[in-house]
Amino acid sequence: MTTSTRTTVLSLYMRVFRIARTWQAQSGVTSETETERKYILQEARSLFRQNQQLTDQESIKRCVEECEARIEIGLHYRNPYPRATYLPPLGLATQKGRRLRAQQRLRKQAKPIYLQSHDET
């Protein structure tokens, strides 16, 4: 990891922690605010630890883009949780064969950048 990449990643990590420290739930309820703050911190820690072994510049760049996108979406909608994708799982394909593989490939390509680190649900 280059020095500039390391600086970028660390500044994003600190930005997420600053956002969590000042986060207020949209409803204004104290218990919800605390729950959302804990979620932000837990999600940031787990994703940064999960990706700390990355050395490929392209994969690091994708992770940084995902982090920036999730920050912007969370701040805009005042919701720290990932937004859902509205394509039903395997809703358009049969259960076997070429059509299933094509559907899975299309779903993977259509996955938004802010959900790249999440498993299929």
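Residues numbered from 1 in each chain as written. Predicted model: local features only at pLDDT ≥ 70, side-chain atom pairs only at ≥ 80, totals over all residues. Heavy atoms only, no water.

Where an unreviewed UniProt entry is consulted, the chain appears under the name Complex 1 LYR protein domain-containing protein, with the organism given as Solea senegalensis. The record held by UniProt for the chain lists under Sequence similarities (unreviewed entry) the comment "Belongs to the complex I LYR family." (UniProt positions renumbered as here; feature names shortened; annotations may be inferred.)

Participant: Outline the packing of aromatic side chains, supporting the account with residue identities and numerical values.
Facilitator: Within the structure shown, the criterion is met by 3 aromatic pairs. Each ring, one from Y13 and one from F48, has its centre 4.7 Å from the other, and the planes form 65°; the classification is edge-to-face. In this pair, Y13 is assigned in helix 1 (residues 3–22) and F48 in helix 2 (residues 30–50), connecting sequence segments 35 residues apart. Taking the relative accessible area as the measure of exposure, F48 reaches 21% and is therefore partly exposed. Summarising the aromatic geometry, the rings of Y39 and Y81 are spaced 4.6 Å apart at their centres and angled 50° between planes, so their arrangement reads as tilted. Of this pair, Y39 sits in helix 2 while Y81 sits in the loop between helix 3 (57–77) and helix 4 (98–110); the two residues are 42 residues apart in sequence, bridging distant segments of the chain. When its relative accessible area of 17% is taken as the criterion, Y39 is described as buried. (Phe/Tyr/Trp six-rings, centres within 6.5 Å; stacked < 30°, edge-to-face > 60°. Helix = DSSP H or I, 4+ residues; strand = E, 2+ residues; numbered from the N terminus. Buried < 20%, exposed > 50% of the residue type's maximum accessible area, 1.4 Å probe, protein only.)

Participant: Tell me what's going on with helix 1, and back it up with residues and numbers.
Facilitator: What sets the pattern is the α-helix's 3.6 residues per turn: residues three or four places apart point alike. With 20 residues, helix 1 should cover 28 Å at 1.5 Å per step; its first-to-last C-alpha distance of 29 Å lies within 8% of that length. The set of residues buried in helix 1 consists of T5, V9, L12, V16, F17, I19 and A20. What you see down the axis of helix 1 is that its buried residues fit within an arc of 160°, all on one side. In this structure, helix 1 carries T3, S4, R6, R21 and T22 as exposed residues pointing more than 90 degrees from its buried face. (Expected span 1.5 Å × (residues − 1). Arc of directions from axis to C-beta.)

Participant: Residue-level account of the environment of A25, with values.
Facilitator: Looking at where A25 falls in the secondary structure, it is placed in the loop between helix 1 and helix 2. Once the C-alpha coordinates of A25 and E36 are considered, the two residues, 11 residues apart in sequence, prove to be 7.0 Å apart. If near-sequence neighbours (up to four positions away) are discounted, A25 is found in contact with E32, T33 and E36. (Contact = heavy atoms within 4.5 Å.)

Participant: Report on the environment of A69, specifying residues and quantitative values.
Facilitator: Along the polypeptide, A69 turns up in helix 3. The buried category is assigned to A69, whose relative accessible area is 18%. Sequence separation between A69 and P112 is 43 residues; the distance between their C-alpha atoms is 9.6 Å.

Participant: Any details on the pattern of salt bridges? Residues and values, ideally.
Facilitator: A complete count under the given rule lists 3 salt bridges for this structure. Residue E34 is joined to R37 by a salt bridge in which the shortest nitrogen-to-oxygen separation is 3.4 Å. Remark: R37 and E34 occur in helix 2; sequence separation between them is 3 residues, near one turn of the helix. Close ionic contact of R70 with E43 constitutes a salt bridge, the shortest N to O distance being 3.3 Å. Of this pair, R70 sits in helix 3 while E43 sits in helix 2, and the two are 27 residues apart along the sequence. (Salt bridge = Lys/Arg side-chain N within 4 Å of Asp/Glu carboxyl O.)

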